[in-house]
Amino acid sequence: FRLQEDYLVYLSLLRRFKRKYKFKVYAYCLMPNHVHILGEIGDRRMLSSFMHDLNMTYTRYFNGKHEKVGHLWQGRFKNKVIAKDEYLIQCFNYVEFNPVRAQLTQSPSEYPWNSYHARVLGKNDRLTDTLVY
């Protein structure tokens, strides 16, 4: 991501493909050079299609906007099954505190491109879902 518009476009695409694939977004963080998404999809076989559509559509936008060619993301996305509540909490913290660890901000509440605002501060971002046990 280079410009504010880049982040906004990615979030818009995430909302679009979230609806299309019935993907639940529980936490996210857009870093300048990578993305973290903590989510759930109804049909696990559709996860690759969801990520492919999201990343390819964004790559086309970014390359056109910034006169680039080729891939933006290095390698395939990584996914893990979260089976324990303790690990889930660690994942929320890992995702939303990523900009703090990268020294981009002092607090996740100061970083505009994460789910902390919706999940913790209660601001509706029309993207973040509430996790129901």
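Residues numbered from 1 in each chain as written. Predicted model: local features only at pLDDT ≥ 70, side-chain atom pairs only at ≥ 80, totals over all residues. Heavy atoms only, no water.

Asks: Would you take a moment to explain the overall build of the protein chain for this structure?
Replies: Regarding its fold elements, the protein chain presents five helices and two strands. Going from the N terminus to the C terminus, the protein chain shows its helices and strands as α-β-β-α-α-α-α. Scaling as 2.2 N^0.38, a compact globule of 133 residues should have a C-alpha radius of gyration of about 14 Å, and the protein chain matches this with 15 Å. Each principal axis of the C-alpha atoms in the protein chain carries an extent, and together these give about 45 × 40 × 25 Å. Out of the 133 residues in the protein chain, the part that is buried amounts to 41%. For the protein chain, the proportion of contacts with a sequence separation of at least 24, taken over those separated by at least 6, is 61%. One finds the centroid of the 21 positive side-chain charges in the protein chain at a distance of 4 Å from the centroid of its 12 negative side-chain charges. (Helix = DSSP H or I, 4+ residues; strand = E, 2+ residues; numbered from the N terminus. Rg over C-alpha atoms; globule rule 2.2 N^0.38 Å. Buried < 20%, exposed > 50% of the residue type's maximum accessible area, 1.4 Å probe, protein only. Contact = heavy atoms within 4.5 Å. Lys, Arg positive; Asp, Glu negative; His and termini not counted. Charge placed at Lys NZ, Arg CZ, Asp CG, Glu CD.)

Asks: Please explain unusual backbone geometry as it appears in this structure.
Replies: For residues other than glycine, phi is negative in most cases, and the peptide bonds are mostly trans. Positive phi, normally seen in glycine, also occurs at Lys22, with a value near 55°. Within the secondary structure, Lys22 is located in the loop between α1 (4–21) and β1 (23–30). Of the residues examined, Lys22 reaches a relative accessible area of 66% and is grouped as exposed. Despite not being glycine, Glu67 shows a phi value in the positive range, around 50°. For Glu67, a relative accessible area of 75% corresponds to the exposed category.

Asks: Explain the environment of Gln103 to me, please; I cannot follow it from the model alone.
Replies: Considering the arrangement of structural elements, one finds Gln103 in the loop between α4 (98–101) and α5 (116–119). Spatially, the C-alpha atom of Gln103 lies 35 Å from that of Gly42, the residues being 61 residues apart in sequence.

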